[in-house]
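Chains, contacts and geometry: an overview
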Amino acid sequence: QSESTISKILTRLKQLNSNRMKQQGLSTQTDSESAPLNNNDGNADDELPNNVSTLAQLTELPDVCQSGIPARPLRHVSETGVASHYALQPMIYSVAFILAVELLERFSFYGIEYTQTSFLTGAYNKDWNAGMTSVEASSFVSISTAVAYTTPFLGAYLADALLGDYWAILVGCIVFYLPGVILITISTVPRLFGTETF
C-alpha cells in the first residue's frame, strides 16, 4: 500500500512538472522523468526518507527529488508545479541566522532603551538634549517601549492575512525600520539641522 501511495504521489509530481514545462514551451521529457521514479525493486516496505540530511540519504531519493545544485540539492515540486530547492541541513542555516538577528536586535534595543532617558533629560550633555523633565522622559520611554512590544501584532496580522511573510518583512523594513535607524543615527549629530534642534 505504501508503494502505491508513493507511486501516485510521484506520478502526480511528474504530471504537474510536465504541465508546467508545456506552459513554458519546454520539452516534457527530461532525464529525471525518463528514469524510473522508484528503484526499490518492488519491495513494498521501502519508503522515501522524510528527513534527508546527509549525502547518503540523498542518494536514496529518485532523481525527480534531486535538484543537482550542490548548495541546495533537495527538490520539491508543489501542487501548483512550483519547484523549490532546499539545503540538506536547513536548520543549521536557519538557527544561525535567527540567533545573529536576535543578538543584534536585542543589542540595539537595550542599547537605546537604557540610555534614552538620560539622553532626553540632558545627563550626557546639558547643552544638547530634548529638554525634557525626568517625568516627561520616563513617559516617553514607556510609550516607546509599549509601541515596540505591541506593533509585532500588527506585523503578524499583515503577514498572515494581507501581505504574506516576504512582503510584510520588506514593507516593515522600508517603512518603519530603516527610517527609525536613520532618525536615531541623525540624532547623534548635535545641531545637524540648525541651532533650534537638539
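Residues numbered from 1 in each chain as written. Predicted model: local features only at pLDDT ≥ 70, side-chain atom pairs only at ≥ 80, totals over all residues. Heavy atoms only, no water.

1. Overview of helix α4 (residues 90-121)
For α4, which comprises 32 residues, the first-to-last C-alpha distance of 47 Å matches the rise-based estimate of 46 Å (1.5 Å per residue) to within 8%. The sharpest bend along α4 reaches about 45° and sits at T115. Among the residues making up α4, those that are buried are F109, E113, Q116 and L120. Check the buried side of α4 and you find it contacts α5 (134-163). Positive backbone phi, approximately 90°, marks G122, located one or two places after α4. (Helix = DSSP H or I, 4+ residues; strand = E, 2+ residues; numbered from the N terminus. Expected span 1.5 Å × (residues − 1). Bend = angle between axes of the 7 residues up to and from the residue. Buried < 20%, exposed > 50% of the residue type's maximum accessible area, 1.4 Å probe, protein only. Contact = heavy atoms within 4.5 Å.)

2. As for the side chain of T145
Along the chain, T145 falls in helix α5. Within the structure, the side chain of T145 is placed 3.0 Å from the side chain of E113, a separation counted as a polar contact. A polar atom in the side chain of T145 sits 2.8 Å from the backbone oxygen of V141. (Polar contact = N/O pair within 3.5 Å; in protein donor to acceptor, adjacent residues only side chain to side chain.)

3. A closer look at the pairing of strand β1 (residues 74-77)
Where β1 and strand β2 (residues 83-86) come together, four bridges link them in antiparallel fashion. Of the residues in β2, the one forming a bridge with L74 is Y86. Hairpin connection between β1 and β2: a loop of five residues separates the two successive antiparallel strands, and G81 in this loop has a positive phi of roughly 90°. (Pairing = 2+ DSSP bridges.)

4. A few points about the packing of α4 against α5
One can describe the packing of α4 onto α5 by two numbers: an axis separation of 7 Å at closest approach and a directional angle of 160°. Judged by the inter-axis angle, α4 sits roughly antiparallel to α5. Considering only the axes of α4 and α5, their crossing is right-handed. In this structure, α4 contributes R106, F109, Y110, E113, Q116, T117, L120 and T121 to the contact, and α5 contributes S134, A137, F140, V141, S144, T145, A148 and Y149. Residue classes in the contact of α4 with α5 are distributed as eight nonpolar, six polar and two charged. (Axes fitted to C-alpha atoms, helices over the stretch in contact; angles between N-to-C directions. Parallel < 35°, antiparallel > 145°, perpendicular 65-115°, else oblique. Left-handed = near helix turned anticlockwise from the far one by under 90°. Nonpolar A, V, L, I, M, F, W, Y, C, P; charged D, E, K, R; others polar.)

5. Quick look at the packing of aromatic side chains
Within the structure shown, the criterion is met by four aromatic pairs. Judged by centre distance (5.4 Å) and plane angle (85°), the rings of Y166 and W167 are edge-to-face. Ring pairs connect the aromatic residues F109, Y110, Y114 and Y149, which therefore count as one cluster. (Phe/Tyr/Trp six-rings, centres within 6.5 Å; stacked < 30°, edge-to-face > 60°.)

6. Examining the pattern of salt bridges
Summed over all chains, the structure comprises one salt bridge. Between E105 and R106 there is a salt bridge, with the nearest N and O atoms lying 2.7 Å from each other. Judged by relative accessible area, which is 30%, E105 ranks as partly exposed. (Salt bridge = Lys/Arg side-chain N within 4 Å of Asp/Glu carboxyl O.)

7. Looking at the confidence of the model for the protein chain
In the predicted model, the protein chain carries a mean pLDDT of 75, and 75% of its residues have values of at least 70. At the low end of the mean pLDDT range in the protein chain sits helix α2 (residues 31-34), at 42; at the high end sits α5, at 87. With pLDDT under 50 throughout, residues 27-45 is counted as low confidence; its partners more than four residues away or in other chains account for 25 contacts. (pLDDT = per-residue confidence, 0-100.)

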